[in-house]
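# Close look at the chain arrangement
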Amino acid sequence: MIRYVLKRLLWMIPILIGVTLIVTILLDLTPGDPARQLLGNFATEEQIEALRVELGLNKPLIVRYLKFMAGVLKGNLGISYFTHESVTFEISRRFPYTLLLVVISMLIAIITGIPTGVYAATHQYTWKDNMSIVLSLFCVSMPSFWFALILVQIFSTKLGWLPSLGIDSWKSWVMPAISGAIGYSATLARQTRSSMLEQIRQDYVVTARAKGQTERKVIYKHALKNALIPIIVIVGSVFGASLGGAVISETIYAIPGLGNYTLSALTSRDYPVVQGSVLFFATLYSLIILLIDIVFAYVDPRIKSQYSRAKKKKERGAEPLPAGRSAQ
Amino acid sequence: MEIKVRKKRTAFGETWHQFKKNRFAVAGLIVVGLVILVAIFAPFIAPYPYDKQDLLNSYAGPSAEHLLGTDKFGRDTFSRLIWGSRNSLIMGLGCVALGSIAGITIGSIAGYFGGKTDNIIMRIMDVFSCVPMLLMCVVIAAILGPSVRNAIIAIAISTTPSAARLIRANILTVREKEFVEAAKAIDAGSAHIILKHIIPNAIAPTIVSTTMNIGNSILSGATLSFIGLGAQPPLAEWGCMLSEGRNFMREHMELVLFPGICIMITVLAFNLFGDGLRDALDPRLKN
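What counts and how
- Each chain carries its own residue numbering, running from 1 in the direction its sequence is written.
- Each chain takes a letter, starting from A, and each ligand takes a number, starting from 1, following the order in which they are written.
- Totals for whole chains, interfaces and linings use all residues, but because this is a predicted model, local features are given only for residues with pLDDT of at least 70 and pairs of side-chain atoms are given and counted only at 80 or more.
- Think of it this way: any DSSP run of H or I at least four residues long counts as a helix, any run of E at least two long counts as a strand, and we number them from the N terminus.
- Buried means a residue has 20 or more other C-beta atoms within 10 Å of its own C-beta, exposed means 12 or fewer, and partly exposed covers the counts in between; C-beta atoms are placed from the backbone.
- By the criterion used throughout, residues are in contact when their C-beta atoms, derived from the backbone, lie within 7 Å.
- Residue ranges for the domains trace back to a domain assignment, done automatically or taken from a database.
- Residues are grouped as follows: Ala, Val, Leu, Ile, Met, Phe, Trp, Tyr, Cys and Pro are nonpolar; Asp, Glu, Lys and Arg are charged; every other residue, Gly included, is polar.
- A set of buried Ala, Val, Leu, Ile, Met, Phe, Trp, Tyr and Cys residues, joined through C-beta atoms within 7 Å, is what we mean by a nonpolar core.
- Expected span of a helix: the number of residues minus one, times 1.5 Å.
- Residue-level confidence of the predictor, termed pLDDT, takes values from 0 up to 100.
- Working convention: axes come from line fits to C-alpha atoms, limited for helices to the stretch in contact. Angles between N-to-C directions cover 0 to 180 degrees.
- Working definition: roughly parallel below 35 degrees, roughly antiparallel above 145 degrees, roughly perpendicular at 65 to 115 degrees, and oblique for all remaining angles.
- Two helices crossing with the near one rotated counterclockwise from the far one by less than a right angle form a left-handed crossing, whereas a clockwise rotation gives a right-handed crossing.

### Description of the overall build of chain A
A count of helical and extended segments in chain A gives 14 helices and zero strands. Taking the principal axes of its C-alpha atoms as reference, chain A extends roughly 85 × 65 × 30 Å. When burial is assessed residue by residue, chain A has 38% of its 328 residues classed as buried. Sequence-distant contacts, at least 24 apart, represent 73% of the contacts inside chain A between residues at least 6 apart.

### Notes on the overall build of chain B
The helix and strand tally for chain B stands at 12 helices and zero strands. Taken from N to C terminus, the helices and strands of chain B fall in the order α-α-α-α-α-α-α-α-α-α-α-α. By principal-axis analysis of the C-alpha atoms, chain B measures approximately 75 × 65 × 30 Å. Sequence separation of at least 24 residues holds for 69% of the intrachain contacts in chain B that already meet a minimum separation of 6.

### Focus: unusual backbone geometry
Glycine aside, the phi torsion of most residues is negative, and most peptide linkages are trans. B:Pro233 connects to B:Pro234 through a cis peptide bond whose omega is 10 degrees. Note on placement: B:Pro234 falls in the loop between helix 10 (204-226) and helix 11 (238-246). Despite not being glycine, A:His84 shows a phi value in the positive range, around 60 degrees. Within the secondary structure, A:His84 is located in the loop between helix 4 (61-73) and helix 5 (87-122).

### Examining the domain arrangement of chain A
Residues and elements named next belong to chain A. What the domain assignment reports for chain A is domain 1 (2-73) and domain 2 (94-303). Counting residues at the interface gives 15 residues for domain 1, matched by 13 residues for domain 2. Looking at side-chain class alone, the side of domain 1 that touches domain 2 contains 10 nonpolar, four polar and one charged residues.

### Re the nonpolar core
Core analysis: the largest hydrophobic core is formed by 151 residues, its most contacted members being B:Cys137, B:Val138 and B:Val139. No other element matches the 17 residues that helix 10 (residues 215-252) of chain A contributes to this core. Each of domain 1 (2-73) and domain 2 (94-303) of chain A gives at least three residues to this core. In this structure, B:Val138 is in contact with A:Val247, A:Leu263, A:Leu266 and B:Leu229, ignoring residues within four places of it in sequence.

### Quick notes on helix 7 (residues 144-158) of chain A
Taking 1.5 Å of rise per residue, 15 residues should cover 21 Å, and helix 7 of chain A covers 20 Å from first to last C-alpha, within 8% of that figure. Within the span of helix 7 of chain A, buried status applies to A:Ser144, A:Phe145, A:Trp146, A:Ala148, A:Leu149, A:Leu151 and A:Val152. Buried residues along helix 7 of chain A sit in contact with helix 8 (171-200) and helix 10 of chain A together with helix 10, helix 11 and helix 12 (254-281) of chain B.

### Quick word on the confidence of the model for chain B
Residue and element names in this part refer to chain B. In this model, chain B carries an average pLDDT of 85, and 95% of its residues clear a pLDDT of 70 or more. The spread of mean pLDDT over the elements of chain B runs between helix 1 (residues 11-19), the lowest at 79, and helix 2 (residues 23-40), the highest at 91. Predicted complex, confidence summary: ipTM 0.83, pTM 0.85.

### Section: the interface of chain B and chain A
Facing 35 residues of chain B, the contacting portion of chain A comprises 37 residues. Elements that contribute at least two residues to the side of chain B that touches chain A include exactly helix 5 (115-129), helix 6 (133-144), helix 7 (148-174), helix 10, helix 11 and helix 12 of chain B. Looking at the side of chain B that touches chain A, the element that brings in the most residues is helix 12 of chain B, giving eight residues. The residue makeup of the side of chain B that touches chain A, split by class, is 24 nonpolar, six polar and five charged.

### Some words on the confidence of the model for chain A
Caution applies to low-pLDDT regions: their predicted coordinates should not be interpreted in detail. All names here are of chain A. Of the residues in chain A, 92% have a pLDDT of 70 or more, and the chain-wide mean is 82. Considering each helix and strand of chain A separately, the mean pLDDT is smallest for helix 14 (residues 323-326), with a value of 40, and largest for helix 5, with 90. Residue range residues 317-328 is modelled with pLDDT below 50. Its contacts to residues more than four positions away, or to other chains, number 25 contacts.

### Side note on the packing of helix 5 of chain A against helix 11 (residues 258-267) of chain A
Residue and element names in this part refer to chain A. Where helix 5 contacts helix 11, the two axes come as close as 7 Å, and the packing angle between them is 125 degrees. With respect to helix 11, the axis of helix 5 lies oblique. Contacts between helix 5 and helix 11 involve Glu 90, Ile 91, Arg 94, Phe 95 and Thr 98 from the first element and Leu 258, Gly 259 and Tyr 261 from the second. Of the residues belonging to the contact of helix 5 with helix 11, the class tally is four nonpolar, two polar and two charged.

### Observations concerning the packing of helix 7 of chain A against helix 10 of chain A
Residue and element names in this part refer to chain A. Viewed as axis vectors pointing N to C, helix 7 and helix 10 meet at an angle of 25 degrees, and their least axial separation amounts to 10 Å. Here helix 10 runs roughly parallel to helix 7, going by the angle between their axes. Like other packed secondary-structure pairs, helix 7 and helix 10 cross with a definite hand, here right-handed. Between helix 7, through Ser 144, Phe 145 and Ala 148, and helix 10, the contact on the second element is made entirely by Gly 245, Ile 248, Ser 249 and Ile 252. A breakdown of the residues in the contact of helix 7 with helix 10 according to their chemical character gives four nonpolar, three polar and no charged.

### Overview of the environment of A:Thr126
Residues and elements named next belong to chain A. Structurally, Thr 126 can be placed in the loop between helix 5 and helix 6 (127-141). Residue Thr 126 is classed as exposed on the basis of its 10 C-beta neighbours within 10 Å. Sequence separation between Thr 126 and Thr 157 is 31 residues; the distance between their C-alpha atoms is 38 Å.

### What about the environment of A:Leu279?
Residue and element names in this part refer to chain A. As for its placement among the helices and strands, Leu 279 is situated in helix 12 (residues 271-299). By the C-beta count within 10 Å, which is 22 here, Leu 279 ends up buried. The spacing of Leu 279 and Val 72 is 207 residues in sequence and 9.5 Å in space, taken between C-alpha atoms. Aside from chain neighbours lying at most four places away, what touches Leu 279 is Leu 16, Val 19, Thr 20 and Val 72.

### Observations concerning helix 9 (residues 203-210) of chain A
Sparse coverage of helix 9 of chain A is indicated by the burial of zero of its eight residues. Immediately downstream of helix 9 of chain A, the backbone of A:Gly212 shows phi near 90 degrees, a positive value.

### Things to note about the environment of A:Met69
Relative to the elements of secondary structure, A:Met69 occurs in helix 4. Taking C-alpha positions, A:Met69 is 16 Å from A:Leu55, a pair spaced 14 residues apart along the chain.

Here it is, written out as structure tokens:
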């Protein structure tokens, strides 16, 4: 198991190098010159050229890339063209907002989604089940940014209960967290329902009922425990997806997080910021996927034994599949 | 004596038989059909062109002339919604088509040849899938420049790895079947074997996941347009209309309400259709 984790960690290095390389090449191909953008319309060609030299933009792509990578190894992601702040510092200042937003939304999604799914599954073919299916389908199909706008309209414009922009107090987190959570909550509810339905039909559930176990315990101790295994994979991939989704909610609610920062850097062609934050997101996302695979192995004894068997059979090349990947 | 024989159905007939039992799925299919028809015949259905301005009549409420009122420039919201279905569908379907074709091609090559080719291709796919999908779309779309075409490319690129991975996994199992060996024995070319023997036998799960992806792709397209990286004004596109309407949301809620409802109904219909198709094709769920 440790060997497997180490191997996966080592694999992350070439993949992350690949990400930085692709981003750098793409940025290089784009029309638009950061130096020109920085200086505005009235700058002379000489001024622009001087700034290009100062920023190192006159050097060939490969030199710039190697310089960036050398910085990355030292934990230095470069300096923003616009604010002249270190990108590492900016990321460390903004990331807590993004993380808090993602974690709160995920908690809301888990707390509401999984019980709804269990409830729907235990009431299959009743109106309660149909209601929750239809409701969750609506939530999955709704653009989350639209839901966010509607929330703003109701709770801050009409009722004036919650602030619509920025982060002042705990109240500011309510709407971003709910609009971030709603789609994922519905996704989790759907997944929970279908995997619960699969478990409820299993023989061991019949056995548990036959021996006189209370229905509550049959559902929550026996069925749900097994049904949770595929749900964990979904939680993980949803967690990763919500990191990306943070770009949107941070823009709508003007939260000074990392997603908002990346988007504005993209539009202003602030290359070091884009490179740095994409690398940061990619590293985080890869770590999350690895973490799901590990958790997955721990909750499912069958998979855990597969790892130990794989160790014995490693000459034959039997390697367990990374589970989180399949759920994307 | 009469013996009742169950009529033999083709694979398609069997799927259809299972599919039409599901009322939700049929409803989804009907709505999908309607939206596609509206998109095709937009010029004939819409009472006004999407960019016809009537500045004296801006922010008009619903009336007989303008069923859903007008926007800031006096453009008819109802007509813009109808025209918008075109661009929204083009974005959703376009990136699914592009992403699936790319994914199927890449995944089939990786799965069929295996070994080193497989390893290299799949590691490249890993590179593309280790950035959260929406962030990837945003980065690519911003770098390529905002337009419908570039948004489609951006979303397609971000959906390619999962499509490739899915078809590869199915091809790995089909590759070992006898009929492939037989084809190889009579010296059929690799391209022939992949296209004629392997893909037809490995494609069913991909078709299902592609259908189920359409809804999400429409959402991604609308999201990109909303943050200004997709369709550009004055083009009518639902996400784009939302981002325009957002600035006047306080007084004119309807400018935001209707495009969102259109997106939701369309995506819902595609999702119902996709779910129905999956249930119809998945033998494990047949009762």
